[in-house]
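# Secondary and tertiary structure notes
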Amino acid sequence: MYPNCLAVFRLVWSKDVTKQFRVAVVGATGAVGEALLQCLHERKFPISRLDVVASERSAGTEVDFGRKQLVVQDVAGYDFSSTDIALFSAGASVSAEHAIRAAEQGCVVIDNTSHFRRDESVPLVVAEVNPHALAGYQERNIIANPNCSTMQMLVALAPIHRKFGISRINVATYQSVSGAGRSAAEELGQQTAAMLRFQSVKPSKFPVQIAFNVIPHIDSFQDNGYTREEMKMVWETHRILEDDSIGVNPTAVRVPVFYGHSEAVHLETRSPATVEQVRQLMIEAPGVELVDERKESGYPTPVTHAAGRDPVFVGRIRKDLSHSNGVNLWIVSDNIRKGAALNAVQIAELLVNHHL
């Protein structure tokens, strides 16, 4: 089992950071890139110089950083040797080429794509769960951000695993379209508008119509019948919780919601856990906000709670009627904010407080 990460996480705020850092945001024109810039600004990250970087087609455009406007630079010609930290969110193919180049030039890379998540030489980090894993970042100078669905689930489940042990996780996700990019959100909007005008729609980003529909298919199908999105939750849970014995049984579903992923999670713990014990753990857990009242609207939803906000929201905590050690939870979080941008910035904060 890993150390008391709550204590480690709280240390982030215990040190007065006066040093400033040269930072680059790669993929600055995308949805995650915009959220990265917002988080850096709102959390007053100690920046001496900030560069915004993207593909050639976006070079020369401007993006907002607080009240400033910054000119986007072309990633192909960007020199990372004078940059301390680079936050990548430009896609796996970009990271495969340029994140490696940046790391080789001495820049510490925090990567939001899937490219490095299964690389055992690259730490896979959720700030509230396994900050100790950052100790190995110097081997490659790269740190990986987990998949958004795994991340929000483990922020809530890690305290339960530390206290009671988790033997099995059954999870069904209800994932918003923004997880598939800006074009996916636009497709939902366009299809919804067309259908309200009684017009036919033609899928483009998704394999079938997403408006007024749900799609039990995210990413490519694997040989075992699960999709890659589902298998990410298996692989990443084992790595982050450092326990390959946990059974993870996921079903990933795309739903017609713009921002915010939801998850119905059914746990089997190794030792019995009461609802009140789980509730107390959620109250104490860093990054979690408990919304668990047994009444109308006494539970979190993507629109009313998660969208545009930092916490992982947990509600509908109850005993599993079918298993003596079973507990059910409903977990909701903004997939762009906490699921990508915020965690990357929190990792950067851990770096500058304890490693750089």
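As a starting point, this report considers the structure included with it. (Residues numbered from 1 in each chain as written. Predicted model: local features only at pLDDT ≥ 70, side-chain atom pairs only at ≥ 80, totals over all residues. Heavy atoms only, no water.)

All right, on to the overall build of the chain then. Check the secondary structure of the chain and you find 9 helices and 13 strands. Computed over its C-alpha atoms, the radius of gyration of the chain comes to 20 Å, within 12% of the 21 Å expected for a compact globule of 356 residues. The C-alpha extent of the chain, read off along each of the three principal axes, is 60 × 55 × 40 Å. Among the 356 residues that make up the chain, the fraction classed as buried is 54%. Across the chain, every contact between residues at least 6 apart in sequence was considered, and the portion connecting residues at least 24 apart equals 68%. Total accessible area on the chain stands at roughly 15,500 Å², and carbon and sulfur atoms take up 50% of it. When the 35 basic and 39 acidic side-chain charges of the chain are each reduced to a single mean position, those positions are 3 Å apart. (Helix = DSSP H or I, 4+ residues; strand = E, 2+ residues; numbered from the N terminus. Rg over C-alpha atoms; globule rule 2.2 N^0.38 Å. Buried < 20%, exposed > 50% of the residue type's maximum accessible area, 1.4 Å probe, protein only. Contact = heavy atoms within 4.5 Å. Areas by Shrake-Rupley, 256 points an atom, 1.4 Å probe, with all protein chains shown as cover. Lys, Arg positive; Asp, Glu negative; His and termini not counted. Charge placed at Lys NZ, Arg CZ, Asp CG, Glu CD.)

With that settled, the discussion passes to the nonpolar core. Counting residues in each nonpolar core, the largest one holds 55 residues, and the members touching the most others are Leu157, Ile160, Ile169, Met282 and Leu329. Sort the elements by how many residues they give to this core and helix α4 (residues 148-164) lands first, with 9 residues. Sequence-distant contacts of Leu329, that is, excluding residues within four places in its chain, are made with Leu157, Ile160, Glu263, Ala264, Val265, Leu267, Val278, Met282, Val314, Gly315, Arg316 and Ile317. (Core = buried A, V, L, I, M, F, W, Y, C linked by side-chain atoms within 4.5 Å.)

Below, the discussion takes up helix α9 (residues 337-354). Along its 18 residues, α9 runs 24 Å from first to last C-alpha, staying within 8% of the 26 Å computed at 1.5 Å per residue. Of all the bends found along α9, the most pronounced is centred on Asn343 and spans about 30°. Counting buried positions along α9 yields 17 of 18 residues, so the element is predominantly enclosed. (Expected span 1.5 Å × (residues − 1). Bend = angle between axes of the 7 residues up to and from the residue.)

The next thing to look at is the layout of surface pockets. The volume enclosed by the largest pocket comes to roughly 1,200 Å³. As for the largest pocket, its lining consists of 46 residues, of which Gly91, Ser178, Gly179, Ala180 and Gly181 are closest to the centre. Looking at the lining of the largest pocket, the elements that each hand over two or more residues are α2 (31-42), α3 (92-104), α5 (182-196), α6 (228-241) and α9. The residue makeup of the lining of the largest pocket, split by class, is 16 nonpolar, 21 polar and 9 charged. (1 Å grid on protein atoms, 1.4 Å probe; cavity = no way out; pocket = protein on both sides within 12 Å on 5 of 7 lines; lining within 4 Å. Points joined across faces, edges and corners; volume = space filled by probe spheres on them. Nonpolar A, V, L, I, M, F, W, Y, C, P; charged D, E, K, R; others polar.)

Moving on: the environment of Ala102. Mapping Ala102 onto the fold places it in helix α3. The class of Ala102 is buried, set by a relative accessible area of 0%. Through-space distance from the C-alpha of Ala102 to that of Ile246 is 35 Å; in sequence the pair is 144 residues apart. Discounting residues that sit within four places of it in the chain, Ala102 has contacts with Phe80, Phe88, Cys107 and Val109.

Reading across from one edge, β9-β8-β10-β13-β12-β11 is the order of the 6 strands in this open sheet, with mixed pairing throughout. In this open sheet, the two edge strands, each paired with only one partner strand, are β9 (247-254) and β11 (288-290). Strand-to-strand twist of the sheet, defined as the mean angle between neighbouring strand axes without regard to direction, takes the value 20°. Sheet topology places strand β8 (residues 166-175) next to β9; 8 bridges connect them, and they run parallel. The partner of Ile169 across the bridge, within β9, is Val248. Against the sheet, α4 touches β8, β10 (261-269), β11, β12 (312-319) and β13 (326-333), its axis set at about 25° to β10. (Pairing = 2+ DSSP bridges. Axes fitted to C-alpha atoms, helices over the stretch in contact; angles between N-to-C directions.)

To continue, consider empty space enclosed by the protein. If you walk through the whole model with that rule in mind, you get 1 cavity of 30 Å³ or more. The calculated volume of the largest cavity comes to roughly 30 Å³. Looking at the lining of the largest cavity residue by residue, the class counts come to 6 nonpolar, no polar and 2 charged.

Take the sheet that holds strand β2 (residues 47-54) next. Here 7 strands make up an open sheet; going across it, the order is β3-β4-β2-β1-β5-β6-β7 and the pairing mixed. The strands lining the two open edges of the sheet, one partner per strand, are β3 (62-65) and β7 (142-144). Averaged over all pairs of adjacent strands, the angle between their axes in this sheet comes to 30°, without regard to strand direction. The pairing of strand β6 (residues 108-111) with β7 spans 3 bridges and is parallel. The partner of Ile110 across the bridge, within β7, is Ile143.

Attention now moves to the packing of aromatic side chains. Per the stated rule, a full pass over the model turns up 3 aromatic pairs. An aromatic cluster is built from Tyr78, Phe80 and Phe88, whose rings are joined through pairwise contacts. Lying across the ring of Trp235, Arg118 places its NZ or CZ 3.6 Å from the centre. (Phe/Tyr/Trp six-rings, centres within 6.5 Å; stacked < 30°, edge-to-face > 60°. Lys NZ or Arg CZ within 6 Å of the ring centre and 35° of its normal.)

Moving on: the packing of α4 against α9. Remark: α4 packs on α9, axes separated minimally by 8 Å, with the N-to-C direction vectors making an angle of 80°. Regarding the angle of α4 to α9, the classification is roughly perpendicular. Contact with α4, carried on its side by Cys148, Met151 and Val155, involves Lys338, Gly339 and Asn343 of α9 and no other residues of that element. For the contact of α4 with α9, the per-class residue count stands at 3 nonpolar, 2 polar and 1 charged. (Parallel < 35°, antiparallel > 145°, perpendicular 65-115°, else oblique.)

The next subject is the pattern of salt bridges. Using the criterion set out here, one finds 18 salt bridges in the structure. With a closest N to O distance of 2.9 Å, Glu349 and Arg43 form a salt bridge. With a gap of 306 residues between them, Glu349 in helix α9 and Arg43 in the loop between α2 and β2 connect regions that are remote in the sequence. With a shortest N-O distance of 4.0 Å, Arg239 and Glu120 are connected by a salt bridge. With Arg239 in helix α6 and Glu120 in the loop between β6 and β7, this pair connects stretches of sequence that are 119 residues apart. Taken together, the shared-partner salt bridges connect Glu42, Asp310 and Arg337 into one network. (Salt bridge = Lys/Arg side-chain N within 4 Å of Asp/Glu carboxyl O.)

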